[in-house]
Amino acid sequence: MEYFSVNAERFLSDLHSLRGFGKCGNGVQRRAFSEADIAARDWLAGRMSAAGLKTQIDPVGNVFGLTDGASLLLGSHSDTQPEGGWLDGALGVIAALEVARASAEQDGPPISVVSFQDEEGKFGALTGSSIWSGKLSLQEADKIISADGARFADERAKLGDRISGFVEPARFTGFLEMHIEQGPVLDEAQEAIGVVTSIVGLRQLQITVEGQQNHAGTTPMASRRDAFMAAAHFAVLLEDRFANVVTPRTVWTIGHVRVEPNAPSIVPGRAIFTLQWRDPDFDRLERIEKVIVETLRDAATETGCTFRSERLRKDLVPMPMDTRLEKACAEAAEKVAPGRWRRMPSGALHDASNVSALMPVGMLFVPSINGISHSFEEDTAEEDLVTGLNVLAEAAMRLSRPA
Ligand code: HGY
Ligand code: MN
Ligand code: MN
């Protein structure tokens, strides 16, 4: 039977249960491989098997709930940022579980579920789906050290004997991910659904500035080589240099900064920071990188400090969604929320970027209240969560029909 109906109460109850793993005020702290993350994955595996799905946890912690034979894959990620919202990733995983469960109960189309590991990049970017999609080898990943000094190999070893092999991607006919928008567009427009057209590309460098550690009282300003001030000088130079290469869709962030030795009476000898930039256009990502390299060179000349950069993350190229899946999402949105939806690009990264290397992918957004995400304040109206669930189910049904 093609048609089935989802159970909104059960969906919301599971969503709040998942929120309980690492709950911190209104948000969650469920970093990849943390106790809360692994406990949440065990709980998810339990809910997937209760739904009649065969569960499989792969060597890096991606949790799959599988039907027999070929199936459409729905899902997202259940790890979070260090200070995460309760819906980022979790919404897509629980919505996928409810759609798969309702379909199985009502003899609907075969639907499998996944929660990817470390989408939030403790070890880089979209780590679990990067490994599953073959973009990052397990050997390479095992050597990655996180900003807080953890080794990927040691972290994934915490999964113990839960794990089995990698799931074969060829068993899936496509991948649909529902996610919160994490931006202001739908909320401001009072719309219920975003049908994603493309996902931005991203690049990230870690930049180390070496100056001269010295006494904060006796070192004259003119003879200092202050690594933090040099880094700040670079950041200001960059703002000017970017003026004629970026557009309103380009974003760049210096989000992680370390100053050494980080003491009030010592002129910092070293500053280490991340510089991440995103844009929907590949050529512009390239042009931005050229400006960054030139600005690093000029900042070194002007400050007398050395600037060394290393690529922290595998480049993620801008990724268009599959037209057939996008069309199914658009038709589903029009049926469930007529006139209250739009096609839109994604400024946030998603596992769908990686999965698109393996199969056709599509994405749906629901609004984020005040556009806030990657914050404990992240939230979405319950009515919008349920509308998203119904659109995801409707899109899955449409995709189960022969193309
Ligand atoms: O950074 C991102 O865009 C994603 O939310 N991890
Ligand atoms: Mn996410
Ligand atoms: Mn996120």
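Residues numbered from 1 in each chain as written. Chains lettered and ligands numbered in written order. Predicted model: local features only at pLDDT ≥ 70, side-chain atom pairs only at ≥ 80, totals over all residues. Heavy atoms only, no water.

## A word on the coordination of the manganese ion (ligand 2)
Coordination of the manganese ion (ligand 2) by the protein comes from H77 (NE2), D88 (OD) and H179 (NE2), over a distance range of 2.1 to 2.3 Å. Counting along the primary sequence, the residues that act as donors to the manganese ion (ligand 2) give the motif H-x10-D-x90-H. The manganese ion (ligand 3) is placed at 3.4 Å from the manganese ion (ligand 2), the two being bridged by D88. Taken as a pair, H77 in strand β5 (residues 71-77) and H179 in strand β7 (residues 172-180) lie far apart in primary sequence, 102 residues in all. Each of the two residues, H77 as well as H179, counts as buried. (Donors = N, O, S within 2.8 Å, 3.2 Å for Na, K, Ca; no water. Helix = DSSP H or I, 4+ residues; strand = E, 2+ residues; numbered from the N terminus. Buried < 20%, exposed > 50% of the residue type's maximum accessible area, 1.4 Å probe, protein only.)

## Quick word on the coordination of the manganese ion (ligand 3)
Protein coordination at the manganese ion (ligand 3) comes from D88 (OD), E120 (OE), E120 (OE) and H374 (NE2), with a distance range of 2.1 to 2.6 Å. Between consecutive donors of the manganese ion (ligand 3), the numbers of intervening residues give the motif D-x31-E-x253-H.

## Concerning the pattern of salt bridges
Throughout the structure, instances matching the rule amount to 28 salt bridges. Note that E191 is salt-bridged to R342, the shortest N-O span being 2.5 Å. Taken together, the residues span a long stretch of sequence, with E191 in the loop between α7 (185-189) and β8 (193-199) and R342 in strand β17 (residues 341-346) at a distance of 151 residues. Counted as one network, the salt bridges with shared partners bring together R10, D14, R47, E98, R101 and E105. (Salt bridge = Lys/Arg side-chain N within 4 Å of Asp/Glu carboxyl O.)

## Re the site of ligand 1
Contacts to ligand 1 come from E119, E120, Q182, R278, A348, L349 and H374. In the model, an oxygen atom of ligand 1 is placed 2.7 Å from a nitrogen or oxygen of the L349 main chain. Note that an oxygen atom of ligand 1 is positioned 3.0 Å from one of the side-chain N or O atoms of H374. When ligand 1 is considered free in solution it has 210 Å² of accessible area, and contact with the protein chains removes 93% of it. Across the shell around ligand 1, the residue classes break down as two nonpolar, two polar and three charged. (Near = heavy atom within 4 Å. Polar contact = N/O pair within 3.5 Å; in protein donor to acceptor, adjacent residues only side chain to side chain. Areas by Shrake-Rupley, 256 points an atom, 1.4 Å probe, with all protein chains shown as cover. Nonpolar A, V, L, I, M, F, W, Y, C, P; charged D, E, K, R; others polar.)

## Considering the side chain of E177
With respect to the helices, strands and loops of the structure, E177 is situated in strand β7. Buried and unpaired, E177 has no salt bridge, with R41 as the nearest side chain of opposite charge at 11 Å. A polar contact is formed between the side chain of E177 and the backbone nitrogen of A352, at a distance of 3.3 Å. Aside from chain neighbours lying at most four places away, what touches E177 is G75, S76, H350, D351, A352, G362, M363 and L364. (Lys, Arg positive; Asp, Glu negative; His and termini not counted. Contact = heavy atoms within 4.5 Å.)

## Comments concerning the environment of D351
Counting through the fold element by element, D351 comes out in helix α11 (residues 351-355). Residues D351 and S130, spaced 221 residues apart in sequence, show a C-alpha to C-alpha distance of 8.0 Å. With residues up to four places along the chain from it excluded, the contact list for D351 reads S76, H77, F116, E119, L126, S129 and E177. For D351, the side chain forms a polar contact with the side chain of S129, separated by 2.6 Å.

## Observations regarding the nonpolar core
By size, the foremost hydrophobic cluster in this structure holds 59 residues, and its most contacted members are F11, L91, V99, L176 and I193. In this structure V99 touches F4, V6, L74, I111, L389, L392, A393 and A396, once residues within four positions along its chain are discounted. (Core = buried A, V, L, I, M, F, W, Y, C linked by side-chain atoms within 4.5 Å.)

## Observations concerning helix α1 (residues 8-19)
With 12 residues, α1 should cover 16 Å at 1.5 Å per step; its first-to-last C-alpha distance of 16 Å lies within 8% of that length. Of the residues making up α1, those classed as buried are A8, F11, L12, D14, L15, L18 and R19. With its buried residues spanning 160° around the axis, α1 presents them on a single face. Residues of α1 that are buried make contact with β1 (23-24), β2 (27-28), α2 (35-50), α3 (90-105) and α12 (382-400). Capping of α1 at its N-terminal end is provided by N7; its side-chain oxygen lies 3.1 Å from the backbone amide nitrogen of E9. (Expected span 1.5 Å × (residues − 1). Arc of directions from axis to C-beta.)

## A closer look at the environment of A328
With respect to the element layout, A328 can be found in helix α10 (residues 323-336). Judged by relative accessible area, A328 falls into the buried class, the value being 5%. Each C-alpha atom, one on A328 and one on V195, is 9.6 Å from the other, the two residues being 133 residues apart in sequence. If we ignore the near neighbours within four places in the chain, the residues touching A328 are A395, R398 and L399.

## Observations regarding the packing of α3 against α12
At their nearest, the axes of α3 and α12 sit 10 Å apart, and the two run at 55° to each other. Considered as vectors, α3 and α12 are oriented oblique to each other. Once α3 is placed against α12, the crossing between them reads as right-handed. On the side of α3, the interface is formed by L91, A95, A96, E98 and V99, while α12 contributes L385, L389, L392, A393 and A396. Classifying every residue of the contact of α3 with α12 gives nine nonpolar, no polar and one charged. (Axes fitted to C-alpha atoms, helices over the stretch in contact; angles between N-to-C directions. Parallel < 35°, antiparallel > 145°, perpendicular 65-115°, else oblique. Left-handed = near helix turned anticlockwise from the far one by under 90°.)

## Here's the deal with unusual backbone geometry
Cis geometry marks the peptide bond from E260 to P261; its omega dihedral reads 5°. Mapping P261 onto the fold places it in the loop between β12 (257-260) and β13 (266-267). Notably, D118 is not glycine yet its phi reads approximately 55°, a positive angle. Assessed through its relative accessible area of 0%, D118 is described here as buried. At N370, a residue that is not glycine, the phi angle is positive and equals roughly 60°. Residue placement: N370 occurs in the loop between β18 (361-366) and α12.

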